[in-house]
Amino acid sequence: MELKNKKFVNFVDHQQVLEKALHLPTYKPSTPPPWLKSEAGFDERDPIMSKKWKPKFGKFVRRSEAWRHAIFDPGSDICLQWNRVFLFSCLVALFVDPLFFYLPTIVQSGGSTCMAVDMKLGITVTSFRSIADVFYLMHIVFKFRTAYVAPSSRVFGRGELVMDPYSIAMRYLKTEFFVDFIAALPLPQMMIWLVIPVIKTAQSDYTNNAFVLVVLLQYIPRLYLIFPLSSEITKAAGVLTETAWAGAAYNLVLFILASHVMGSAWYLCSIERYATCWQSLCKQESECQSTYLVCNNLDRVDRRVWASTTKVFSTCDPNNDVFDYGMFSNALSKQVASATFTEKYLYCLWWGLQNLSSYAQSTNTTTFVGETLFAIVLAVMGLVLFAHLIGNMQTYLQSLTARLEEWRLKRRDTEEWMSHRQLPQNLRGRVRRYVQYKWLATHGVDEDAILHQLPADLRRDIQRHLCLDLVRRVPFFSQMDDQLLDAICERLVSSLITQGTYVVREGDPVTEMLFIIRGRLESSTTDGGRSGFFNSIALRPGDFCGEETLAWALVPNSNANLPSSTRTVTALEEVEAFALRAEDLKFVANQFRRLHSKKLQHTFRFYSHQWRTWAASFIQSAWHRFKRRKMAHNLSISESLSRRGNLRVKDVQMPKLVKPQEPDFSREGRDEGGSLF
């Protein structure tokens, strides 16, 4: 009998009912259906095989090989970080390549001179160059796995990404692969360690121009890669560098890099001109051979005999003015070619900086065509690069003080306007204090404009982060739940009030409710101008004013007229507060009925200074009424005694005051001591 009084719920397997109705074949868990099996014949439910294989685009690929088939979004953080790393490696590679020009050196042994190769420097430069080549190869592999935006989908929005590996590879091969492949080839290493030792014969010159041509031809595509790479970083992050100082330093590094390249080329051309002088005089001597100019044959007997009688070295001495070296005379007269690597590098770098910044005005050239062309290239590059450096550095450095300059212009316009309108000095001082205080608080940033540009959800989260902790300091807000606080935080507006400013005057319409965060306000009232009545209190952080708007917003059918202020509020010092406009408060009160709860209203009336003043006045008036009744009672007793003579009056015990009941805040009423609002 007890089971009949209980209720039971039956769960029906609809899949089994459907299979019975349609007569579909069923499969047990131990035997997987055929469409879950791969072409290799294994079961996907096998715990061993499922760890090694996973489906992708209708095929099963090993999980260990999944990273090889990943396609990257060009706007993702991975691509952005890689582009920045590769840009740094490109700058390092551009710095390393001109170091090959410092390999030829001049060795002075007694009264003889010869040319050699700095093998230690060659090994070091080759190692760094090989490391840089690895980054270029990694960039090629990365570009094969980077998606691109289809040109036909750029009509609206960002566009659609093409994720097909074949389409990505074909597009890359047709557009940028050739330049990247040329830039990644180890051509200088092959020229130094493979080609030059093979083609070097007894009749060949030591300074091989083919090596210089290879380095310069590969330097051009490597330099070209910086510009599209910088453009990709700018598109993904918005800016190339996050700070203005980093942008100025980046442009300065590019100028120093150009000086490094020109200084290295100047050093190599200086040795080339020196070797040209040797070769021209060597051809005039019958006993001279071109192999005598190489340090490898320095210990040969015939070379020593020739060195003791030849006039090649004395004639080509840059201090004799026999052979005019032109703009390369400083490198030879100061023996830069025979100095250590650190000395020659710093001197050549200084020469490049000096001539690029002065547009090669301090150089004296000869009529030699190659030297003249080098001077022309140096002057043009100096003009373009120096103008580019000064322009960009000025732009980046001005961005640091753009806000300050804008504030100065606004302050100057304000001063001119006040002078034109002939404002008194007290008003001018108040305006200056407000402008100064606003600058110190915001530094010229319009926070409202920034927030209004963001999506609603992101704006809500930011407002919650900025305002929630401060709002919870207000006792009235501490009683609300998170949803209601989010709605209020979303509509709060920061407000700055300078010392001596009237927030609202008694009798004026109240347009906002103010919640104090920092500073002090004075709130006073005369109860509508009643003679002999004055009440003044100080509002501190955590207090609020303008509570008339809340009472106005809680009325369901309130009219459009804003409530009048019952108090005068003045700033005693600089105040930072949050303002909640009357329209926003009305919207929150209509949308969230929890704002009408008795608990919130009781908390509001407990912390409201208007209600405290009313309560004090009510108690004071009740006390006065009690005193008047007591005085009248005593007066009546004294009159009765005077009429009855010596009649004694018994002590009358006054009834005790009963504790009043909790008032009902859900309805508005009036009491004889005053009105609620």
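Residue positions are given per chain, counting from 1 as you read along its sequence in written order. Restriction of local features to residues with pLDDT of at least 70 applies here, the model being predicted, together with a cutoff of 80 or more for giving and counting side-chain atom pairs; totals for whole chains, interfaces and linings are based on all residues. Hydrogens and water are ignored here; the side-chain numbers use all heavy atoms of the structure.

Per an unreviewed UniProt entry, the chain carries the name Cyclic nucleotide-binding domain-containing protein and comes from Linum tenue.

### A word on the nonpolar core
Worth spelling out the cut-off: What is meant by a nonpolar core is a set of buried Ala, Val, Leu, Ile, Met, Phe, Trp, Tyr and Cys residues, joined one to another through side-chain atoms within 4.5 Å. When accessible area is computed with a 1.4 Å probe and restricted to protein chains, residues below 20% of their type maximum are described as buried, those above 50% as exposed, and intermediate ones as partly exposed. Runs of E in the DSSP output that reach at least two residues are strands. Runs of H or I that reach at least four are helices, and both are numbered from the N terminus.
Core analysis: the largest hydrophobic core is formed by 49 residues, its most contacted members being Trp-266, Trp-278, Trp-306 and Cys-316. Secondary-structure elements contributing two or more residues to this core are helix H4 (119-144), helix H10 (244-282), helix H11 (301-309), helix H12 (312-315), helix H13 (329-333), helix H14 (341-357) and helix H15 (369-400). Ranked by the residues each element gives to this core, the list is headed by H10, at 13 residues. Grouped together as the second largest cluster of nonpolar side chains are 28 residues, Phe-477, Ala-487, Ile-488 and Leu-550 included.

### With respect to the environment of Ala-116
By the secondary structure assignment, Ala-116 is in strand S4 (residues 112-117). For the pair Ala-116 and Leu-103, spaced 13 residues apart in sequence, the C-alpha separation works out to 8.2 Å.

### Describing helix H22 (residues 582-591)
Residues that lie three or four places apart on an α-helix share one face, since the helix turns once every 3.6 residues. Just so we agree on the cut-off: Each C-beta atom gives one direction from the helix axis, and the arc is the one those directions make. Any two residues having at least one pair of non-hydrogen atoms within 4.5 Å are treated as being in contact.
Those residues of H22 not exposed but buried are Ala-582, Leu-585, Lys-586, Val-588 and Ala-589. All buried residues of H22 project into a common sector of 165 degrees when viewed along the axis, lining one side. Packing partners of the buried residues in H22 comprise helix H20 (482-491), strand S9 (512-518), helix H21 (548-554) and strand S14 (575-581).

### What about the UniProt feature "transmembrane region" (unreviewed entry) in the chain?
Heads up, the condition is: UniProt positions are given in the numbering used here, feature names are shortened, and annotations may be inferred rather than shown by experiment.
Feature annotation in UniProt places "transmembrane region" (unreviewed entry) on residues 85-103, 177-199, 211-229, 249-269 and 368-390, given in this structure's numbering. Helix makes up 100% of residues 249-269 and strand 0%, whereas the separation of the span's terminal C-alpha atoms amounts to 30 Å.

### A word on the packing of H4 against helix H5 (residues 165-175)
In helix packing, the relevant descriptors are the interaxial angle and the interaxial distance, both defined with respect to the helix axes. Counted only if it meets this: Axis definition: a line fitted to C-alpha atoms, over the contacting stretch in the case of helices. Angles run 0 to 180 degrees between N-to-C directions. Small angles under 35 degrees read as roughly parallel and large ones over 145 as roughly antiparallel, with 65 to 115 read as roughly perpendicular and the rest as oblique. Throughout, the ten residues Ala, Val, Leu, Ile, Met, Phe, Trp, Tyr, Cys and Pro are labelled nonpolar, Asp, Glu, Lys and Arg are labelled charged, and all others, Gly among them, are labelled polar.
Viewed as axis vectors pointing N to C, H4 and H5 meet at an angle of 130 degrees, and their least axial separation amounts to 8 Å. With respect to H5, the element H4 is oriented oblique. Together, Ile-140, Lys-143 and Phe-144 of H4 and Ile-168, Ala-169, Tyr-172 and Leu-173 of H5 make up the contact between the two elements. Counted by class, the contact of H4 with H5 contains six nonpolar, no polar and one charged residues.

### Brief notes about the sheet that holds strand S10 (residues 521-525)
Filter applied, for reference: A strand pair is defined by DSSP finding two or more bridges across the two strands.
Taken in spatial order, the four strands line up as S8-S13-S10-S11 in an open sheet, and their pairing is antiparallel. The open sheet is flanked by strand S8 (502-504) and strand S11 (535-539), the only strands paired with a single partner. For this sheet, the mean angle separating the axes of adjacent strands, direction not counted, is 25 degrees. In the sheet, S10 pairs with S11 via five bridges, with the strands oriented antiparallel. The partner of Thr-525 across the bridge, within S11, is Asn-535.

### As for the state of the cysteines
How we decide: Only a pair of cysteine sulfur atoms within 2.5 Å counts as a disulfide in this structure description.
In total, this model carries three disulfides according to the counting rule given. Sulfur-sulfur distance for the disulfide between Cys-277 and Cys-316 comes to 2.0 Å. Note on the Cys-277 and Cys-316 pair: the S-S dihedral is about -95 degrees, so by sign convention the disulfide is left-handed. On the criterion of sequence distance, the pair formed by Cys-277 in helix H10 and Cys-316 in the loop between H12 and H13 is long-range, its members being 39 residues apart. Judged by its relative accessible area of 0%, Cys-316 is buried. Sulfur-sulfur distance for the disulfide between Cys-282 and Cys-288 comes to 1.7 Å. Where Cys-282 bonds to Cys-288 through sulfur, the torsion about that S-S bond is close to -105 degrees, and the disulfide is left-handed. A relative accessible area of 11% places Cys-288 in the buried class. The disulfide pattern of the chain is 1-5, 2-6, 3-4 when the bonded cysteines are numbered in sequence order.

### A few points about the packing of aromatic side chains
Quick note on the threshold: Note on ring pairs: Phe, Tyr and Trp rings are taken, using the six-membered ring of Trp, and paired if centres are within 6.5 Å. Classes follow the plane angle, with under 30 degrees stacked, over 60 edge-to-face and the rest tilted. Note on geometry: a ring has a charge over it if NZ (lysine) or CZ (arginine) is within 6 Å of the ring centre and within 35 degrees of the ring normal.
Under the counting rule described, the total for this entry stands at 27 aromatic pairs. With a centroid separation of 5.2 Å and an interplanar angle of 40 degrees, the aromatic rings of Tyr-292 and Trp-306 are classed as tilted. Placement of the pair is Tyr-292 in the loop between H10 and H11 and Trp-306 in helix H11, with a sequence separation of 14 residues. The residues Tyr-292 and Trp-306 share a single accessibility class, namely buried. Grouped by ring-pair contacts, the aromatic residues Tyr-274, Trp-278, Tyr-292, Trp-306, Phe-313, Phe-323 and Tyr-325 constitute a single cluster. In this arrangement the basic side chain of Lys-586 is found over the ring face of Trp-552, its NZ or CZ atom lying 5.5 Å from the centre.

### Some words on the environment of Pro-188
Structurally, Pro-188 is set in helix H7 (residues 187-199). Along the primary structure Pro-188 and Val-214 are separated by 26 residues, whereas in three dimensions their C-alpha atoms are 7.0 Å apart.

### Observations concerning the environment of Pro-74
With respect to the helices, strands and loops of the structure, Pro-74 is situated in the loop between strand S2 (59-62) and helix H3 (77-96). Between the C-alpha atom of Pro-74 and that of Arg-145, which follows or precedes it by 71 residues, the distance is 9.9 Å.

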